[in-house]
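Architecture at a glance
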Amino acid sequence: MISFFANMKVKIKASGEGGFALLSVLVIIAIITPLVVNQSYKTGVQLTGSGYLADKIKSREIAKSGLEAAILALKKDDKDYDSYLDEWGQFVELSGLSSTFFEEGSFSGTIIDEEGKLNINLLAPNNEKSDQLTLLFDELQIDTDILAGVMDWIDNDSDATLMGAEDHYYKSLENRYNCKDGLMDNIYELRLIKGMTDEAFLGKGEAKGLTDFISVYGDKSVNINTAPYEVILSLSEDITPVLAREIIAYRETGPIKSVPEIKDIIDDDDLYDGLKSKIKVNSRFFSIRVRGMVKDIYTDLHAFIERNGDNITMLYYGEA
C-alpha cells in the first residue's frame, strides 16, 4: 500500500498541483471506505448468507463512498468561479481510478451544475424567465403551450390560463390528481403537467429533451461557464449560434472568472448590458449521480446539494 501511494505521488507531481488536489480526495476515500465497505460486506454475509444481497450491500456502500468523494471535490473547489474544468468537473476521470481502492468493485459518477440551467420555478407571465424558456423550447422544438401549464402548476391560485390547466383538468383524468399550485420540488413533476410528453421531457433520437436544460434550483442568473449551448442561446434573442459557440470555445481554454470578462467575446455594448444581469460565473446548487458496482450488481445514488462556502446541505437523496 505504501509503495502504491509513493508511485501515485510521483505521477501526480508530474501533473501539477491540480492533480495533487484531486488525488487527495481519492486518498481520503481510500483510507476510509474499505473499512466501511468490508464491515458492511461481512455483516451482509452473516445476516443473509446470500451472495447477491452481500454484493448489493457492498455496491451500495461503494456508491456512498463515491458520493462522499464528489462532495469532497466540491468542498475543495475555489468558490469564486465554477467550471467543468475544475476538479469537481473532472469527476468522471476521478471515478475511473476508484477500482484501485477496493478489493472488488468501483464507482462511476458525474457532477452537474444545476445553475448552468434555467430555473423553471421562476417562470411567471411576461417575465424575463418566460422569455428565456420560450426561446429554449423553440430551440428544442418543444410546444411552448406547455409553459402555460407550468405557470398554472406553480402559481398559488386556481385560475387556469389560456392553454393551461388547474384542478378541473387534472381531476378529469383517468388517474386523478390535484394541481400542485406551488413550486416544483424536482423537474420530474413536469411529467404531470398538461401537454408534457416523454419526447419533450427526455428527448428522442437526435432530438434533445428538457432534462439537461432546466432545474428547480438557482436564481435568475445562469453560470456562463457551465451553461449548455441551448441555454446560452436562450439568454437573449440577440445571441446568435456563432456567438454561443464562441463563448463555449473561449471557456474551454480556461474558466471565465468574472462577468466583465465576457466582454472579451461580446463586443456589442448593448448586448453585454442586457446580458450581464442574467449571467454569473459561480454556483451553489449541484446534482450528483453515482453508480457503485460489484461484479454485475449495482446501486445508483442521486443527490442534489447546496454548497455555501464549505458547508454542504443535502436537498435530496435517493437510491435504487
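Residues numbered from 1 in each chain as written. Predicted model: local features only at pLDDT ≥ 70, side-chain atom pairs only at ≥ 80, totals over all residues. Heavy atoms only, no water.

1. Observations regarding the pattern of salt bridges
Counting across every chain of the model gives 17 salt bridges. As a salt-bridge pair, E104 and K58 come within 3.4 Å of each other at their nearest N and O atoms. Pair noted here: E104 is in the loop between α4 (91-96) and β1 (106-113) and K58 is in helix α3 (residues 51-75), with a separation of 46 residues, a long-range link. With relative accessibility at 4%, the residue K58 sits in the buried group. Here R60 and E319 are joined by a salt bridge, their closest N and O atoms 2.7 Å apart. Highlighted residues: R60 in helix α3 and E319 in strand β10 (residues 311-319), separated in sequence by 259 residues. Classification of R60 as partly exposed rests on a relative accessible area of 30%. For E319, a relative accessible area of 36% corresponds to the partly exposed category. Salt bridges here are not isolated pairs; linked through shared partners, they connect R60, E61 and E319. (Salt bridge = Lys/Arg side-chain N within 4 Å of Asp/Glu carboxyl O. Helix = DSSP H or I, 4+ residues; strand = E, 2+ residues; numbered from the N terminus. Buried < 20%, exposed > 50% of the residue type's maximum accessible area, 1.4 Å probe, protein only.)

2. Some words on the side chain of D113
Examined against the element boundaries, D113 turns out to sit in strand β1. With no salt bridge to any partner, buried D113 finds its closest opposite charge in K280, at an N-O distance of 7.3 Å. Here T226 takes part through its side chain, which lies 2.6 Å from a polar atom of the side chain of D113. Excluding residues within four positions of it along the chain, D113 makes contact with Y84, W88, N223, T226, S283, F285 and F286. (Lys, Arg positive; Asp, Glu negative; His and termini not counted. Polar contact = N/O pair within 3.5 Å; in protein donor to acceptor, adjacent residues only side chain to side chain. Contact = heavy atoms within 4.5 Å.)

Coordinates in, geometry out; function isn't part of it.
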